[in-house]
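The lines below spell out each chain.
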Amino acid sequence: MADQNEKWMLLGASKGLGLAFHEVLKKHRPLDIVTTMSRQAGGFDFSKESRWPEYVQEILKFQPTRLVYFAAGGPYGHFEKFEWKDHEWSLRVSFLFPAFLIHSALRGRSTSPQNWKNLQQMVFIGSSIAESQPDPGAAAYCASKHALRALIETIHLEQANTASPAALTSDVPGNSAKIQIKLFSPGYMNTGLLPQGSWPREQGIAVDPHLEALKLYDEVFTD
Ligand SMILES: NC(=O)c1ccc[n+]([C@@H]2O[C@H](COP(=O)([O-])OP(=O)(O)OC[C@H]3O[C@@H](n4cnc5c(N)ncnc54)[C@H](OP(=O)(O)O)[C@@H]3O)[C@@H](O)[C@H]2O)c1
């Protein structure tokens, strides 16, 4: 699988980890085709729920073999300090749109397999900290990362058809297991997402995103 030429769809790769990963691909896989979508790359704003079906059509037009979703974010400060719309933005970009993408792909693979036949893998970015621990100052972001991890781990069990009552496994439509769904969970990185004055920056534990991009590169080709 790793030796064929791939078509990569990178969602949210105009900076930070996504940009670093794009640079790794250019260096190590110069024959692969890569396209990106984000606000700066094509005017794709993943917080706009009414446009999600249009974004899925863009993905289908390109027919990627691998899709990596990097976008996330949210306000930084106590939960009550911000308006609800700010938290909603975070939940949409960091969790709900990724969940919509996974659902579109898995359901699409079973209901209109021709449209989804090329997609082999979808990778989503978690957080080694925020997906499993509280993250004071980033409640909506942290809740989104917990939810993303819960969703993907549950889908893994559903795809394996284990730990599910027979009633749940008997009516699985088609073979959705062919799309591999991965969660890659980096530690703190020096990117625009990490607020100035946050403790990982202050304590100097945030790493260059290129280091995590190389780990991600290994991870996508690991079964
Ligand atoms: N930095 C860390 O310490 C850290 C730690 C653990 C996990 N992570 C995770 O790593 C991933 C990448 O984060 P990063 O640190 O590289 O962040 P970043 O530098 O802020 O980059 C975020 C990317 O997401 C895109 N994006 C943000 N909002 C968007 C929207 N509404 N619609 C479309 N695209 C949007 C941005 O592109 P545009 O501006 O062009 O839209 C940008 O390319 C995230 O999932 C993050 O949660 C980061």
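Look up: the structure comes first, before these words.
Just so we're clear, the structure is a prediction, and the values are computed from it rather than from any experiment. (Residues numbered from 1 in each chain as written. Predicted model: local features only at pLDDT ≥ 70, side-chain atom pairs only at ≥ 80, totals over all residues.)

**Focus: the overall build of the protein**
- When you go through the protein residue by residue, the secondary structure sums to 7 helices and 5 strands.
- Radius of gyration (C-alpha) of the protein: 18 Å, near the 17 Å computed for a compact globule of 223 residues.
- Summarising its shape, the C-alpha atoms of the protein cover approximately 50 × 45 × 35 Å along the three principal directions.
- The long-range fraction of contacts in the protein, counting pairs at least 24 apart against all pairs at least 6 apart in sequence, stands at 69%. (Helix = DSSP H or I, 4+ residues; strand = E, 2+ residues; numbered from the N terminus. Rg over C-alpha atoms; globule rule 2.2 N^0.38 Å. Contact = placed C-beta atoms within 7 Å.)

**Comments concerning the site of the ligand**
- What surrounds the ligand is a group of 31 residues, the closest being Gly12, Gly16, Arg39, Gln40 and Thr191.
- A per-element tally of the shell around the ligand places helix H1 (residues 16-28) first, with 3 residues.
- For the shell around the ligand, a count of residues per class yields 17 nonpolar, 11 polar and 3 charged. (Near = placed C-beta within 6 Å. Nonpolar A, V, L, I, M, F, W, Y, C, P; charged D, E, K, R; others polar.)

**Concerning the nonpolar core**
- Core analysis: the largest hydrophobic core is formed by 47 residues, its most contacted members being Phe21, Tyr69 and Phe70.
- For this core, the element with the highest residue contribution is helix H3 (residues 84-111), accounting for 7 residues.
- Setting aside residues up to four positions removed in sequence, phenylalanine 21 forms contacts with Leu10, Ala13, Val68, Ala213, Leu216 and Tyr217. (Core = buried A, V, L, I, M, F, W, Y, C linked by C-beta atoms within 7 Å. Buried ≥ 20, exposed ≤ 12 C-beta atoms within 10 Å, placed from the backbone.)

**As for the pairing of strand S4 (residues 121-125)**
- Along S4, 4 of the 5 residues are buried, which leaves the element largely enclosed by surrounding structure.
- In this sheet, S4 lies alongside strand S3 (residues 66-69) in parallel orientation, the contact comprising 4 bridges. Within S4, the residue paired with valine 68 across the bridge is valine 123.
- Running through H3, the crossover from S3 to the neighbouring parallel element S4 is right-handed.
- The pairing of S4 with strand S5 (residues 180-184) spans 5 bridges and is parallel. Considered in S5, the bridge of isoleucine 125 is made with phenylalanine 184. (Pairing = 2+ DSSP bridges. Right-handed = clockwise from strand over helix to strand, strands pointing away.)

**Description of the packing of H3 against helix H4 (residues 139-160)**
- Close contact between H3 and H4 brings their axes to 8 Å; oriented N to C, the two are set at 15°. Taken together, the axes of H3 and H4 lie roughly parallel to each other. Helix-helix and strand crossings are classified by hand; for H3 and H4 the assignment is right-handed. On H4, the residues touching His87, Ser90, Leu91, Ser94, Phe95, Pro98, Ala99 and Ile102 of H3 are Ala140, Tyr141, Ser144, Lys145, Ala147, Leu148, Leu151 and Ile155. (Axes fitted to C-alpha atoms, helices over the stretch in contact; angles between N-to-C directions. Parallel < 35°, antiparallel > 145°, perpendicular 65-115°, else oblique. Left-handed = near helix turned anticlockwise from the far one by under 90°.)

**A few points about the packing of H1 against helix H7 (residues 209-220)**
- Between H1 and H7, the shortest axis-to-axis distance is 8 Å and the interhelical angle comes to 60°. The pairing of H1 with H7 is recorded here as oblique in orientation. The two elements H1 and H7 meet at a crossing, and its hand is right-handed. Where H1 approaches H7, its residues Gly16, Leu17, Ala20, Phe21, Val24 and His28 are matched on the opposing element by Pro209, His210, Glu212, Ala213, Leu214, Leu216 and Tyr217.

**So, unusual backbone geometry**
- One non-glycine residue, glutamine 63, lies in the positive phi region at around 55°.
- Within the secondary structure layout, glutamine 63 lies in the loop between helix H2 (52-62) and S3.

**Considerations on the sheet that holds strand S2 (residues 33-37)**
- Spatial ordering of the open sheet is given by S2-S1-S3-S4-S5, a layout of 5 strands whose pairing is parallel. Pairing within the sheet leaves two strands with one partner each, and these edge strands are S2 and S5. Averaged over all adjacent pairs, the angle separating strand axes in this sheet is 15°, with direction ignored.
- Relative to S2, strand S1 (residues 7-11) is paired through 5 bridges, and the arrangement is parallel. Directly across from tryptophan 8, in S2, lies its bridge partner valine 34.
- Sheet strands in contact with H4 are S4 and S5, and its direction is about 145° off that of S5.

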